[in-house]
Amino acid sequence: MRKILIVGATSAIAEATARVWAQRGDKLFLAARRETQLQSVADDLRTRGAPFVGTQVFDANALDQHVSLLQAATEAMGGLDTVLIAHGTLSDQNRAQTDAAYAMDEIHTNGLSVVHLMGLAGEQLASQGHGAIAVISSVAGDRGRQSNYVYGSAKALVSAFASGLRQRLSKQGVHVVTIKPGFVDTPMTASFKKGALWAKPEKVAADIVNGVDKGKSVVYTPGFWALIMLIIKHIPEFVFVKLAL
Amino acid sequence: MAVTSSYTSWGRVLRPEHELLPLASRHAALPALPDGSATMLPYGNGRSYGDSNLNPGGALLPGRQLDRFIAFDPSTGVLRCEAGVLLSEILRLVVPQGWFLPVTPGTQFVTVGGAIANDVHGKNHHVAGSFGNHVRCFELLRSDGIRRVCSLTEHADWFAATVGGLGLTGLITWAEVQLRRVANPFMVTESIRFRSLEEFFELSAASEADHEYTVSWIDCAFGGKRLGRGLFNRGNHAPAAMETAWVPRGLAQGGDPHTRTVPITPPLSLVNSLSLKSFNTLYFHKQRRDVVSGMQHYRPFFYPLDALLEWNRIYGPRGFYQYQCAIPPERALKATRALLEAISASGMGSFLAVLKQFGAPASHGMLSFPMPGTTLALDFPNQGPRLHKLFEALDRIVLEAGGRLYPAKDGRMGAALFKAGYPRWSEFTSYVDPRFSSGFWRRVMEQA
Ligand SMILES: Cc1cc2nc3c(=O)[nH]c(=O)nc-3n(C[C@H](O)[C@H](O)[C@H](O)COP(=O)(O)OP(=O)(O)OC[C@H]3O[C@@H](n4cnc5c(N)ncnc54)[C@H](O)[C@@H]3O)c2cc1C
């Protein structure tokens, strides 16, 4: 039985992942901003079979709450061995181009707050000598594109930080999985036209659970994104600048 | 920002554009209607066949987004969940804990909201009534923001309007259902061959006391002497004290069903009169003996079609219709025979002709479909005007016999037939949410 802290637990990807863990009988501790949503998700996971579901209303941007969240989760579950960091916002690129304060807020939410929590969780798991951290980054972090480079650069920070942390902590029994979803059909993306590249949160969840179980390093989900991003990363800059991606 | 996408129902005849209004949570108010859309309609899992779950030119509320369990008490079998939870998810949760759905339609891929809005029936109607008979309460959210918890005692009028209310009275956000006990996932079943309609009625009468579930397949491809032949299936949940040797091998674990999907829509309907006749003959002679008994997992017993996901695609791009009627007992034999004769003479019948006796338990909904008598359901590939002429002939038989058609299966009945079959329609209209409508509703409310 795992003892899992899920941050951003009301996001569609986190919730779908939590359902798999609940059905397996893992203990869960959920943190999210919106209280009524958080309680609905907790009730659902209890009904689905999670032997324990704790909750804490939590704003990831309040960095001074990160230590107490880790403590609360550890105490409530009688230990902590897995952390899923899944909070985030979908930045409005157009607004971020003219509103610098907004851009910095987005980078704080999607980048800085994530690496802050990852670092703290990593120390705690390393001190006990085992555990796993799964962090939701994005294919958008692989290369900055004009359509979403504010969000993308925050995710690039997450990916690079996770890569270094993985290398260091792998020697101390802790493994770090970077999850890179492509387009996911969630309430956050409800206003987008969906095409063949869109995946359901359940698919992403299955890949996350599998990535944690198998100790994978970087998980593109669905897997075809590894190929798409390989191509995008290798487009020479003089061509890339002319594209409208 | 509004998005439109095309939505269709199980019959795939229409695929109109709709605006989609996401549902953030069961606690949130209904989304505002975008400019230009006069009305909205909840859409469950799209298993209704016609246009009662479509709102062409308007907006849809994707009911599946409310898919959380709220509470389940394994000591009483009371389950509370959001309205977008699928019956398949409920079974997955409760069967291992010794509970089962009190009533289930022939597919497990419907939502709780859809099951209430059509007050669906199953093979146990003669003992259990329809789905709404087991709904303890639900919350109804109206476009004016008012929420009502409805039950037989609280807001009983809203309860009666919303059970079988075709999604028109507001959005059901959550519901509480009383489940029934089972000892295990298995069914003790019997399949009996019959050669005439009279035999079907005799078998029904003889089976109802001792069998919770009864349903028949009836052959519609042939007229004359072979008219009315079929297979009568009956069953019960297996008892607790069961010889384990009975359990068919490979079923004991009850893993997920093997499912296959029809991956593409063939350019033509694969269902034509030739394939029909051979299928029906095969089915009828599938069993050698007149009575075959056995033990089955509940899935193949209740949901034989679910093993082939999206089987509706075999009817090709023009889609298909289902025609399901209910006929009161006094006229049942005569009218059923007349219907079967008209169908076999037309050569357009389907291999999915299902015949079942409804029983006495009264449904709670103003517009609930089930009533004491006989129900017949058939699929027809969409063949345009030729088929609609047949439907009109069938309508006349149903009307004359004092029967009604099932809105969940309907994409074409006229206002007169609807109003004759559902005498409480005008009482119902005062409960319709002014911001809600459907293609079906606009059609049957037209002045004749
Ligand atoms: C293979 C197959 C077998 C079937 N067998 C049977 C059977 O044996 N007996 C039977 O009775 N039916 C049967 N049906 C029909 C099916 O059970 C009904 O059409 C059912 O209502 C479909 O539910 P859905 O969730 O797909 O809803 P949809 O078809 O999407 O919608 C059905 C209705 O429910 C309303 N609705 C959906 N969600 C809500 C909500 N949250 N609040 C308010 N209204 C809502 C919609 O507006 C619509 O009017 C069968 C269908 C198939 C495909």
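Residues numbered from 1 in each chain as written. Chains lettered and ligands numbered in written order. Predicted model: local features only at pLDDT ≥ 70, side-chain atom pairs only at ≥ 80, totals over all residues. Heavy atoms only, no water.

Per an unreviewed UniProt entry, the recorded name for chain B is FAD-binding oxidoreductase, and the organism is Aquabacterium olei.

Taking an unreviewed UniProt entry as the reference, chain A is identified by name as Short-chain dehydrogenase belonging to Aquabacterium olei. Regarding chain A, the relevant UniProt record gives this comment under Sequence similarities (unreviewed entry): "Belongs to the short-chain dehydrogenases/reductases (SDR) family." (UniProt positions renumbered as here; feature names shortened; annotations may be inferred.)

Caption draft 1: Up close: a nonpolar patch on the surface. On the surface, a cluster of nonpolar side chains totalling about 340 Å² of accessible area is made up of A:Phe238, A:Val239, A:Leu243 and A:Leu245. Given a relative accessible area of 34%, A:Leu243 falls into the partly exposed group. (Patch = residues over 30% accessible without salt bridge, like charges linked within 9 Å, V, L, I, M, F, W, Y side chains within 5 Å. Areas by Shrake-Rupley, 256 points an atom, 1.4 Å probe, with all protein chains shown as cover. Salt bridge = Lys/Arg side-chain N within 4 Å of Asp/Glu carboxyl O. Buried < 20%, exposed > 50% of the residue type's maximum accessible area, 1.4 Å probe, protein only.)

Caption draft 2: Local environment of the side chain of A:Lys155. All names here are of chain A. If you trace the backbone, Lys 155 turns up in helix H6 (residues 149-169). Although buried, Lys 155 forms no salt bridge, and the nearest oppositely charged side chain, Glu 106, lies 9.7 Å from it. When sequence neighbours within four positions are dropped, the list of residues in contact with Lys 155 reads Asn 110, Ile 136, Ser 137, Ser 138 and Gly 141. (Helix = DSSP H or I, 4+ residues; strand = E, 2+ residues; numbered from the N terminus. Lys, Arg positive; Asp, Glu negative; His and termini not counted. Contact = heavy atoms within 4.5 Å.)

Caption draft 3: Representation of the interface of chain A and chain B within the structure. Residue-level contacts link 15 residues of chain A with 18 residues of chain B. Counting each side, the surface lost to burial between chain A and chain B is near 1400 Å², with a carbon and sulfur contribution of 47%. Viewed at the interface, chain B and chain A are joined by two salt bridges. One can count five residue pairs in polar contact (both at pLDDT 80 or more) joining chain A with chain B. Secondary-structure elements contributing two or more residues to the side of chain A that touches chain B are helix H1 (12-24) and helix H2 (35-47) of chain A. If you tally residues by element for the side of chain A that touches chain B, the top one is H2(A), at seven residues. In terms of residue class, the side of chain A that touches chain B is built from three nonpolar, six polar and six charged. (Buried area = accessible area lost by both parts, 1.4 Å probe. Polar contact = N/O pair within 3.5 Å; in protein donor to acceptor, adjacent residues only side chain to side chain. Nonpolar A, V, L, I, M, F, W, Y, C, P; charged D, E, K, R; others polar.)

Caption draft 4: Structural detail: the nonpolar core. If you look at the biggest cluster of nonpolar residues, it comprises 103 residues, and the most contacted ones within it are B:Ile90, B:Phe138 and B:Phe380. Of all the elements, helix H9 (residues 385-400) of chain B adds the most residues to this core, at six residues. In this structure, B:Phe380 is in contact with B:Phe320, B:Tyr321, B:Tyr323, B:Ile343, B:Met348, B:Gly349, B:Ser350, B:Leu387, B:Leu390, B:Phe391 and B:Leu394, ignoring residues within four places of it in sequence. One finds A:Ile6, A:Leu28, A:Leu45 and A:Ala50 within the second-largest nonpolar core, a separate group that totals 30 residues. (Core = buried A, V, L, I, M, F, W, Y, C linked by side-chain atoms within 4.5 Å.)

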